[in-house]
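# Results of the structural survey
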Amino acid sequence: MVTSQKQRALRKFQRNFFAHSDAAGRVVRNETNDTPQPTHQEQQRKHTSFEAESSGHLAASSVYYTIPHSPAKRQFEESDLQDAHNDEFDFSSLNSFNKDLCDTSTESHTQKRPAGNPLSVWTSDADLFLLEFLRLEGHGDFAQATCFCGEANPVFRCEDCHGTDLMCHTCTLCVHERQPLHRIECWNGTSFQVTTLKALGIHFQLGHPVGIRCINPKSASNNDFVVLDCNGVHEVGLDFCGCESAQPHITQLLRVRLFPSTTTDPKSATTFRVLEYFQMLSFESKASVWEFYNTVARLTDNTGIRVLKNRYESFLRMVHEWCFIMQMKRCGQGHHPGGIKKIEAGTCAVLCPACPHPSKNLPVGWENAPLEFQFLYALFLAIDANFRLVRRDVSSDAVDPGLNRGYAFFVEETEYKDILASRNRAGNAQEKSTCSSHSAVNLVDTRASHGLAATGAGTIDCARHNFKRPCSVGDLQKGERYINMDYLFFSSMRSSHGVHVLNISYDIACQWNKNLWSRMSAFPHKYHINHDEKVITFLVPKFHLPAHIARCQTRFSFNFIKGVGRTDGEAPERGWADINPLATSTREMGPRSRRDTIDDHFNDWNWKKVCAMGTILLRKYKAAVPEAEERARDLDEFEAALDADQLAGWRTDIEMWELDRSLPNPFEVKAGATVTQAAVRLALSKTEAEEIERGEHMSLDDDVSPLVLISSGIELEGQQRRVELEGKSIGQHATDTQKVKILQHINTLRRRIDTCSRVQLLYMPCVSRLRSSHDITSEDKVHKINLFLPSSLPSSFPCDDLREAQANDALSDLRTVINMTYHLYKYKDAFVRGQRANTRAQGIIHSAESRIDAISVNYTATRNALVMLASKLGKNDDWRQILKPLDRTKDAVPLKHDEGKTLGQQNISWIWKTAGVSNNQEEGLQDSLRVEWCKARARAHRWEEEVLLLCEEMRRVLAFFEWQAGWWDKQGAQCQFVSHEFTEGALAYAHRQATLRRRMSTHFRSLWEAVPSWTPAHVAMPLTCTP
């Protein structure tokens, strides 16, 4: 009698608890009672109590109470047991127990933790963790406790429920009637051992609400049903409903979120939770089904003692089916009146919202946009192949039928192979490369394929946003043949036939594009492209471009072609980094299972890109705006230093080439502009002869004018610096010949300084007070003799702007020698072979570099003197903006100097942007100036285009979300379902998807709200580009 009363009380408590669980959860989450106070000496616990109100609702309250480390166990008194025997369960007993515990709480203070590395701090508490882990192996705080129903000596506890409370057999069954997949432990007197809810007698009834037994239950699989969940493989007692109105067994399983292994007499199932968990885990870690199944099996038994029924094959099949059903659901095919049978090619693929989609995210009248803005509506495609995605020849299409048949990214296999077979029978040989010896072209038929059914996969991607495109992926049978890549390209274009401007990137585009349209004629008409009505540009990705010949590097460069922004064309390479780890699993799969698996991963890749589109475009825009301003400023400074008439001619040439790329390419160096070693030696020899001639014919007498005197002094300064450099170059172990040569230079220079100093006294008598008669002869180092020129004196002396002229001459000489040195390096790399020739070339380069060092020192000294004379000459600070301080390493560099930067981020040194740079008619310099101006112009224009493209892409993303939300709104009522429940579910899902797109649109709009204010003033923004 007592037992039945207790059971009735527990059942009533259970019904009240679950009936008000949502309300209790809300109360607990919004609790306003005391908060926990950590202490050093005491432990704290949270206690939630429930009380039935007069209205029948359940009231919940939570408090924190403090107990000692070794708490005295509170024993249930006889009155407590008597209360438990009543027909009505007394909720107030829990509250009174709660109040008793609250009375024992004491005020605590925050425990201080030492600062430092968290792992080092944890090490000091490692023993505490170990002891607590051991403590959990026993009863813990419940050694003398009774079950909350009053039953003495409870022996069961749940590994998956919160806490370690012990329960009796009856309470364990009641509490887990809704949790049949929890893991139970039983105390055997010395330790806890694993048991199951099935062994305790619990049965999972399908087809009826929880707690209601079917009048005609049908035991599943002879009471041997297996369910896979995240926490293990469970043998459960499961009963199907056998009533007259009962649904089919698979329907009963699906309605409690269990996925059946088969559609006829299922003996096992998996929870939706574990399928979703594995799918997400495989997306992020590329774990295989085998690895995951073994993980779950080992969580069930990690000793091998308990032999589990192998459900790997079933789980593998269920994962495959789950992924397919989720694809169908997410693409809206469940709302289609025709269902899965009426699905069209590419329907399941997640589309790129930033790419142009006519009738979806392009503005009205985009077809008639002005010529200068048509690039905003261009489609960027990138073609590539991946030879890691191989598949062994281990199965066939008949054995492995698969589920996807061209519904997502892989093309429909039957038609694909039929076209390949027909072209192979025609025997059309692939032409050889006329560019570099590209393996993708010349070795296409020699790639190892023994034992492989597929040597890799080819793909057509969105080059701007790194999305996989629908019906654009296919297996390769023998390398990267044109026939395979042609089919994938034409198949991909079927979903974008309305786009007018195409930019196609391929690492062998220079060869692939030659006979593309003639090869297209061999394909069925549905794959044809009306290329005459489109603007199609072929390019080579930036990283692959240096492997091409020089002509291709200028004709197919993303950096030089108008309208491509800062696209690099390397998008597929980034995508391969994500998919390559999956290759170890897919290479052993059947053909269609492999394609279905890769399709699923590509869809996840695209979806992650969609979710991150807001931050990605914002980050790119923030980087592009300052670059666009800097490149525009750099171009303006460069053009200001060039001759206006010459610049106008260059601008006309490049604009004509941008309209018709069959004209001479302005980015190519003219053939006659190459500088040879002989030319460099001749130029250096002439310079040396002129210096010697100036030194030998310098005559000073009493008729020397002040201007000649100052000019002579400036020349002597230069000779002093030259002697100093010669002394440093020969080092400490000079030969007798070297010593004689430099000694002659020193003696000659000393005599000239002595002669000049005598004439100097005629015009600058005050110098006699600064220099003694023995200064010149007694100074050991001739280069340190002070010449006392006007720039070094405090008084005013007659002088002219000779220093400024000298600085300009030094810059002109510096540019000439730097240009010769640059071409000499190029000549050496291209033509010089062998040790002797390289040694000789290196000697010439060393002479040129020494000349650059000398001119740099001369310019720096001249500028320092000009700083001293500026006030005497009445100069303002404008000259400082022209004659800037010279950094030998950063400034004395060629026109083409990358400093480790990409071509689109390079700067031109200021020495090439000073007035008069066009006056130097040195061979090759003018051609170098023309080419570098074209590159500077291209840099500025590409960054400006990038800003415009990013703004347009932001607008397209928002427009695509709005279109997609509207599309989902229409799907809810598109199909007529057999029952109200199906209709409600379809409407709810369509509404959720539409709401999600609008939320994403609102979120992205908030991220981009400041974009228009960041746009540089010089960038002309079309109205359609505002996000």
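Check the entry above for the structure.
Residues numbered from 1 in each chain as written. Predicted model: local features only at pLDDT ≥ 70, side-chain atom pairs only at ≥ 80, totals over all residues. Heavy atoms only, no water.

Right, let's get into the overall build of the chain. For the chain, the helix and strand inventory stands at 33 helices and 19 strands. The buried share of the chain, reckoned over its 1027 residues, is 46%. For the chain, the proportion of contacts with a sequence separation of at least 24, taken over those separated by at least 6, is 73%. (Helix = DSSP H or I, 4+ residues; strand = E, 2+ residues; numbered from the N terminus. Buried < 20%, exposed > 50% of the residue type's maximum accessible area, 1.4 Å probe, protein only. Contact = heavy atoms within 4.5 Å.)

With that settled, the discussion passes to the pattern of salt bridges. One pass over the full model with this rule turns up 32 salt bridges. Between Asp-229 and Arg-273 there is a salt bridge, with the nearest N and O atoms lying 2.3 Å from each other. Of this pair, Asp-229 sits in strand β8 (residues 225-229) while Arg-273 sits in helix α10 (residues 272-285), placing them 44 residues apart in sequence. The salt bridge involving Lys-608 is made with Glu-284; its shortest N-O contact spans 3.5 Å. On the criterion of sequence distance, the pair formed by Lys-608 in helix α21 (residues 591-640) and Glu-284 in helix α10 is long-range, its members being 324 residues apart. By relative accessible area, Glu-284 is classed as exposed at 53%. Overlapping salt bridges bring together Asp-397, Glu-413, Lys-417, Asp-475, Arg-592, Arg-594 and Arg-595 as one network. (Salt bridge = Lys/Arg side-chain N within 4 Å of Asp/Glu carboxyl O.)

To continue, consider the sheet that holds strand β5 (residues 192-195). If you trace the 3 strands from one edge of the open sheet to the other, you get β3-β4-β5, paired in antiparallel fashion. Two strands close off the open sheet at either side, each with one partner strand: β3 (156-158) and β5. Going from strand to strand, the sheet's axes swing by 35° on average, the running direction of each strand aside. Bridge count between strand β4 (residues 184-187) and β5: 4 bridges; the pairing is antiparallel. Counterpart to Cys-186 in the pairing with β5 is Gln-193. (Pairing = 2+ DSSP bridges. Axes fitted to C-alpha atoms, helices over the stretch in contact; angles between N-to-C directions.)

Pairing is mixed in the open sheet, where 3 strands are placed in the order β6-β10-β7. Lying at the two open borders of the sheet, with one neighbouring strand each, are β6 (204-205) and β7 (218-219). In this structure, β6 lies alongside strand β10 (residues 238-240), joined through 2 bridges in parallel fashion. Bridging from a neighbouring strand, Gln-205 pairs with Asp-239 of β10.

This part is about the packing of α21 against helix α32 (residues 980-1007). Running from N to C, α21 and α32 cross one another at 20°; their axes reach a closest spacing of 9 Å. The angle between α21 and α32 places the two elements in the roughly parallel class. Considering only the axes of α21 and α32, their crossing is right-handed. Contacts from Trp-607, Val-610, Cys-611, Met-613, Gly-614, Thr-615 and Leu-618 of α21 reach α32 at Leu-996, Arg-997, Met-1000, Phe-1004 and Leu-1007. In terms of residue class, the contact of α21 with α32 is made up of 9 nonpolar, 2 polar and 1 charged. (Parallel < 35°, antiparallel > 145°, perpendicular 65-115°, else oblique. Left-handed = near helix turned anticlockwise from the far one by under 90°. Nonpolar A, V, L, I, M, F, W, Y, C, P; charged D, E, K, R; others polar.)

This part takes up unusual backbone geometry. Trans is the common state for peptide bonds, and a negative phi is the common state for residues other than glycine. Positive phi is not limited to glycine here, since Asn-223 has a value of about 60°. Under the relative-accessibility criterion, Asn-223 is labelled partly exposed at 29%. In this structure, Ser-359 takes a positive phi of about 70° despite not being glycine. Along the chain, the position of Ser-359 falls in the loop between α12 (312-330) and β13 (379-386).

Burial along strand β12 (residues 268-271) is two-sided: Ser-268 and Thr-270 facing one way and Ala-269 and Thr-271 facing the other are all buried. Pairing geometry for β8 and β12, over 3 bridges, is parallel. For Val-226, the partnering residue across the bridge sits in β12 and is Ser-268.

All right, on to α10 then. Taking 1.5 Å as the rise per residue, α10 with 14 residues should run 20 Å; its terminal C-alpha atoms sit 20 Å apart, in good agreement. Buried within α10 we find Phe-272, Val-274, Leu-275, Phe-278, Gln-279, Ser-282 and Phe-283. After α10 finishes, the residue Lys-286 shows a positive phi value of roughly 60°. (Expected span 1.5 Å × (residues − 1).)

To continue, consider the packing of aromatic side chains. Taken as a whole and assessed by the stated rule, the structure comprises 30 aromatic pairs. Between the aromatic rings of Phe-278 and Phe-292, the centroid separation amounts to 5.2 Å while the plane-to-plane angle is 55°, which identifies the pairing as tilted. Here the residue Phe-278 occupies a position in helix α10, and Phe-292 occupies one in helix α11 (residues 289-300), the gap between them amounting to 14 residues. Each member of the pair, Phe-278 together with Phe-292, is buried. Clustering of aromatic rings is evident, with ring pairs tying together Tyr-416, Tyr-487, Phe-489, Phe-490, Tyr-506, Trp-512, Phe-523, Tyr-527 and Phe-538. Here Arg-464 stacks its cationic end above the ring of Phe-380, 5.8 Å away from the centre of that ring. Residue placement shows Arg-494 over the ring face of Tyr-527; its charged tip is 5.3 Å from the ring centre. (Phe/Tyr/Trp six-rings, centres within 6.5 Å; stacked < 30°, edge-to-face > 60°. Lys NZ or Arg CZ within 6 Å of the ring centre and 35° of its normal.)

You can see Ser-282 is positioned in helix α10. For Ser-282, the side chain forms a polar contact with the main-chain oxygen of Gln-279, separated by 2.7 Å. Non-local contacts of Ser-282, meaning those with residues more than four positions away in its chain, are made with Ala-287 and His-601. (Polar contact = N/O pair within 3.5 Å; in protein donor to acceptor, adjacent residues only side chain to side chain.)

The buried count for β8 comes to 5 of 5 residues, which makes it a mostly enclosed element. Side-chain alternation along β8 places Phe-225, Val-227 and Asp-229 on one buried face and Val-226 and Leu-228 on a second face that is also buried. Of the pairings in the sheet, the one linking β8 to strand β9 (residues 232-236) comprises 5 bridges and is antiparallel in character. In the strand pairing of β9, Val-226 is matched with Glu-235. Between β8 and β9, which pair antiparallel and follow one another directly, the connecting turn spans 2 residues.

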